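Notes for the structure review
In case you want the letters, here they are:
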Amino acid sequence: MRLSGYFLPTLKETPSDAQIASHRLMLRAGMIRQSSAGIYSWLPLGFRVLKRIEQIVREEQNAIGCHEMLMPTIQPADLWRESGRYDAYGPEMLRISDRHQRDMLYGPTNEEQITEIFRSAVRSYRHLPKLLYHIQWKFRDEVRPRFGVMRGREFLMKDAYSFDADKASARRSYNKMFVSYLRTFERLGLKAIPMRAESGPIGGDMSHEFLILADTGESEIAYHRDFLDMSLAERQIDFEGDLQPIVDDFTAQYAATDVERDPEAEKALGDALITGRGIEVGHIFFFGTKYSKSMDAGVSGPDGDEVFVEMGSYGIGVSRLVGAIIEACHDEAGIVWPESVAPFKVGLINLKVDDPDCSAACEQLYGSLGSNGVDVLYDDRSERPGVKFADMDLIGLPWQVVVGPRGLKAGVVELKSRKTGEKQEVGLESVLSMLST
Ligand SMILES: Nc1ncnc2c1ncn2[C@@H]1O[C@H](COP(=O)(O)OP(=O)(O)O)[C@@H](O)[C@H]1O
Ligand SMILES: [Mg+2]
């Protein structure tokens, strides 16, 4: 992408109404624009990041045999009357009526809708288990939308739903999601800790929130320090095998949020306890027959009797993650994208666009990096070097290649790692091979 023709409206001033770093940086880096409270447009740079996160989430859902589909944003109220949630949901639900005065709503979540689809299509336990998901915009009329995309009113969520014939099978579905979430967040460059969460009316231990550590997080968290060194890293994972040992490892130590916190357990941990704040980026939840009963979603079991399906739902805040990743990955100069979600891998800075040698070298690099499949944002604007450096640091691409007349005379360009700040002089050929891996 050539910056001269791109749409990247960066801001020099710090927006005064943005309270946390990620919100400020997203506005300054030209990633989003507010439309109304808690509702945002995604500008080209922000949209690229959103799509990259979405794609990682998608690949990891597909990897466990969860099938992607797409349900609408607008739902009929009648479905929610069946489950009893039309009245129970309260003012967070955006209620709409169509030209025939039929009650509709903008979906805050999709349990009712997926249950309706399931019950009309599946009749026998033999077709279970099933895992389905979609990545779709939600609307919740939050009392206090704030922190930009972190707590929006309109936001993008991946929500998955599991259908099983019995509890043992439901646990296997839950475990698949649990491990898939660990993998997803690791790929996103995040340290996300699974924490015991409120499990609602049916109780049990099958509700976990995944939180990343950040002082600006809305949740109060407490956890055993061992979590800081835990990762799936080299572990072999067979999603069709027994995942319970992995889940056990990641739930053996204490970790809880808000109302689930247990003062006794925390006292017992002594020095091993860490308390702080975190951002909820995912939530998995087993709720048994709550919706299958109220909405009459049954299948015939092995002995011919009708059984209500055991269900769970599994959310990831895709748009929230954009902000959450920035909270975890930034410095004074701007964003520092993990490579897996960066909008471009390389920022190519031409220090002197009116110098034919500089421009020729840049064009050549831009072309060959492109043919090697590397996403490059080429700053070909006739701006001062200082402006270019500041913009490039602000938008946080992992690698910067700086091409100037002096270096070119010696056949070198400067390669800078945004994360470490480390700079090295490298030849044109080697910079190509170094960035093409
Ligand atoms: N208002 C919001 N803005 C952005 N993301 C949200 C919002 N509400 C929820 N999410 C994301 O969607 C995920 C699933 O939502 P859910 O657990 O149903 O929400 P909540 O925790 O608010 O009840 C959350 O873990 C979070 O990452
Ligand atoms: Mg939640």
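You'll find the structure just up there.
What you see is a predicted model, and the numbers here were worked out from it, not measured in a lab.

About the criteria used
- Residues numbered from 1 in each chain as written.
- Chains lettered and ligands numbered in written order.
- Predicted model: local features only at pLDDT ≥ 70, side-chain atom pairs only at ≥ 80, totals over all residues.
- Axes fitted to C-alpha atoms, helices over the stretch in contact; angles between N-to-C directions.
- Helix = DSSP H or I, 4+ residues; strand = E, 2+ residues; numbered from the N terminus.
- Parallel < 35°, antiparallel > 145°, perpendicular 65-115°, else oblique.
- Contact = placed C-beta atoms within 7 Å.
- Nonpolar A, V, L, I, M, F, W, Y, C, P; charged D, E, K, R; others polar.
- Near = placed C-beta within 6 Å.
- Core = buried A, V, L, I, M, F, W, Y, C linked by C-beta atoms within 7 Å.
- Buried ≥ 20, exposed ≤ 12 C-beta atoms within 10 Å, placed from the backbone.
- Domains from an automatic or database assignment.
- Pairing = 2+ DSSP bridges.
- Left-handed = near helix turned anticlockwise from the far one by under 90°.

In this section: the packing of helix α1 (residues 21–28) against helix α10 (residues 318–328). At a minimum axis separation of 8 Å, α1 and α10 run at an interaxial angle of 110°. When the axis of α1 is compared with that of α10, the two are roughly perpendicular. Mapping the contact onto sequence places A21, S22, H23, L25 and M26 in α1 and G323, I326 and E327 in α10. Partitioning the contact of α1 with α10 into residue classes produces four nonpolar, three polar and one charged.

So, on to the site of ligand 1. Near ligand 1 lie 15 residues; those nearest to it are F155, H283, G315, G317 and R320. Put simply, the parts of the chain that give the shell around ligand 1 at least two residues each are β8 (154–164), β13 (273–288), β16 (310–317) and α10. Looking at side-chain class alone, the shell around ligand 1 contains three nonpolar, seven polar and five charged residues.

Right, let's talk about the nonpolar core for a bit. I53, V281 and V401 are the most contacted members of the largest nonpolar core, which has 109 residues in total. The biggest single contributor to this core is helix α6 (residues 167–187), with eight residues. Taken domain by domain, the makeup of this core includes at least three residues from each of domain 1 (3–335) and domain 2 (346–435). If sequence neighbours within four positions are ignored, V401 has contacts with V346, L348, I349, L365, V413, L415 and V431.

Here the focus is the sheet that holds strand β6 (residues 103–106). Pairing is antiparallel across the open sheet formed by three strands, whose spatial order is β4-β6-β5. For this open sheet the edge positions go to β4 (74–76) and β5 (94–97), each flanked by a neighbour on one side alone. For this sheet, the mean inter-axis angle between neighbouring strands, taken without regard to orientation, is 35°. Where β4 meets β6, three bridges bridge the pair, whose relative direction is antiparallel. Across the sheet, I74 pairs through a bridge with Y106, a residue of β6.

Position of K416 among the secondary structure elements: in strand β22 (residues 412–417). According to the C-beta neighbour criterion, K416 is buried, with 20 such atoms within 10 Å. Sequence-wise, K416 and Q400 are 16 residues apart; in three dimensions their C-alpha atoms are separated by 5.0 Å.

With their axes 9 Å apart at the nearest point, α6 and helix α7 (residues 244–251) run at an angle of 60° to one another. In terms of orientation, α6 lies oblique with respect to α7. For the crossing formed where α6 meets α7, the hand is left-handed. Along the contact surface, α6 presents N175, F178, V179 and L182, while α7 presents Q244, I246, V247 and F250. When the residues that make up the contact of α6 with α7 are grouped by side-chain class, the tally is six nonpolar, two polar and no charged.

Ordered in space as β20-β19-β21-β22-β23, the five strands form an open sheet in which the pairing is mixed. For this open sheet the edge positions go to β20 (376–379) and β23 (423–427), each flanked by a neighbour on one side alone. Between one strand and the next, the sheet's axes are offset by a mean angle of 25°, whatever the strand orientation.

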